[in-house]
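The chain contents come next:
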Amino acid sequence: MVQGLARDDNTGGCKLRVNPINADRVYVEVGGVATTASQLLAGRDYETDSLEVSFIAVDSSGKHNTGKALAWRNTITLKSRIYQAGDDKMLELHAAPAAGIRYSTEGSDPKMFGATYEAPFVVPPGTRLVLAVGEKNGIHSDVLRIDIDWSRRPEDKPIDKEAPATWRPAEGVAFKDTR
């Protein structure tokens, strides 16, 4: 009855299509069980960044009985960014939709033994990997593995010596010939 059409991993926003069977009305409830007192869905597409949404389909003619509400659950996506701050290697984590994040820097299970993520943190020197997991209302993300490379700084860009170079003159510079 509920089909996912699209998901934005940066925001956790989803576009869903609701296809009721033997019904002409669909009611939707965020974070609870849908009833006929819930919001009436206009059309068949629904957009949300909530973690849990419930739908119930109703035949207003009364010809078909109303079934049970159907729950839909979003997923939590984690993203990371490593950057340099002076001599420190920093790690920033982001969950979409918003959720609590736990992480470990020594390879232990972040669900059980992880520290609570609150803000970008200094990666302890010598750390080889960081494991992180997002959780909200009993919904967990997959464990994100972030390998830490101490041989280069995050802002270092590798140069592809086989790729063609593109030269752009500075603003305000004009050339009259090709000498």
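See the structure printed just above.
Residues numbered from 1 in each chain as written. Predicted model: local features only at pLDDT ≥ 70, side-chain atom pairs only at ≥ 80, totals over all residues. Heavy atoms only, no water.

(A) Quick look at the pattern of salt bridges. Taken as a whole, this structure holds six salt bridges when the rule is applied. For arginine 17, the salt bridge identified is with aspartate 45, shortest N-O distance 2.6 Å. One end of the pair, arginine 17, is in strand 2 (residues 14-18); the other, aspartate 45, is in strand 5 (residues 45-48), with 28 residues separating them in the sequence. Residue arginine 17 is classed as partly exposed on the basis of its relative accessible area of 31%. The residue arginine 73 makes a salt bridge to glutamate 52 at a minimum N-O spacing of 3.5 Å. Of this pair, arginine 73 sits in strand 7 (residues 70-73) while glutamate 52 sits in strand 6 (residues 52-58), and the two are 21 residues apart along the sequence. Taking the relative accessible area as the measure of exposure, arginine 73 reaches 46% and is therefore partly exposed. (Salt bridge = Lys/Arg side-chain N within 4 Å of Asp/Glu carboxyl O. Helix = DSSP H or I, 4+ residues; strand = E, 2+ residues; numbered from the N terminus. Buried < 20%, exposed > 50% of the residue type's maximum accessible area, 1.4 Å probe, protein only.)

(B) Broad picture of the sheet that holds strand 6. As summarised here, the arrangement of the four strands in space is 4-3-6-7, forming an open sheet in which the pairing is antiparallel. Each edge of the sheet is formed by a strand with only one pairing partner; in this case those strands are strand 4 (39-40) and strand 7. Across six bridges, strand 3 (residues 25-30) lies against strand 6 in antiparallel orientation. Among the inter-strand pairings, valine 28 is bridged to a residue of strand 6, identified as phenylalanine 55. (Pairing = 2+ DSSP bridges.)

(C) Summary view of the packing of aromatic side chains. Counting across every chain of the model gives four aromatic pairs. Considering the side-chain rings of tyrosine 103 and phenylalanine 121, the 4.1 Å spacing of their centres and the 15° angle between planes classify their relative orientation as stacked. Of the two residues, tyrosine 103 sits in strand 10 (residues 100-104) while phenylalanine 121 sits in strand 12 (residues 121-122), which places them 18 residues apart along the sequence. Judged on exposure class, the residue tyrosine 103 and its partner phenylalanine 121 are both buried. It is lysine 89 that lies over the ring of tryptophan 150; its NZ or CZ is 5.1 Å from the centre. (Phe/Tyr/Trp six-rings, centres within 6.5 Å; stacked < 30°, edge-to-face > 60°. Lys NZ or Arg CZ within 6 Å of the ring centre and 35° of its normal.)

(D) Geometry of the nonpolar core. Within the largest apolar cluster, 17 residues are counted, with the highest numbers of intra-cluster contacts made by Leu91, Leu93, Ile101, Tyr103, Phe121 and Val130. Elements supplying a minimum of two residues to this core: strand 9 (88-96), strand 10 and strand 13 (129-136). If one sorts the elements of this core by residue count, strand 9 sits on top with three residues. Every residue in contact with leucine 93, bar those within four places of it in the chain, is listed here: Lys79, Ser80, Ile101, Tyr103, Tyr117, Phe121, Ala132 and Ile146. In terms of nonpolar packing, the next biggest core, distinct from the first, is built from 12 residues, Val18, Val26, Val28 and Tyr46 among them. (Core = buried A, V, L, I, M, F, W, Y, C linked by side-chain atoms within 4.5 Å. Contact = heavy atoms within 4.5 Å.)

(E) The pairing of strand 1 (residues 2-7), seen in detail. Looking at chain direction, strand 1 and strand 2 are connected through five bridges and run antiparallel. From the neighbouring strand, alanine 6 faces strand 2, where its bridge partner is lysine 15. Hairpin connection of strand 1 to strand 2: six residues between the antiparallel strands, including glycine 12 at a positive phi of 85°.

(F) Structural context of the environment of arginine 25. Structurally, arginine 25 can be placed in strand 3. Take arginine 25: its relative accessible area is 38%, and that puts it in the partly exposed class. The sequence separation of arginine 25 and alanine 42 amounts to 17 residues, and the corresponding C-alpha distance is 8.7 Å. Other than its neighbours up to four places away in sequence, arginine 25 contacts Leu40, Ile56, Ala57, Val58 and Ser60.

(G) Region of interest: the sheet that holds strand 12. Ordered by their spatial adjacency, three strands build an open sheet running 8-9-12, and the pairing between neighbours is antiparallel. Each edge of the sheet is formed by a strand with only one pairing partner; in this case those strands are strand 8 (77-85) and strand 12. Across two bridges, strand 9 lies against strand 12 in antiparallel orientation. Looking at strand 12, one finds that leucine 91 is bridged to phenylalanine 121.

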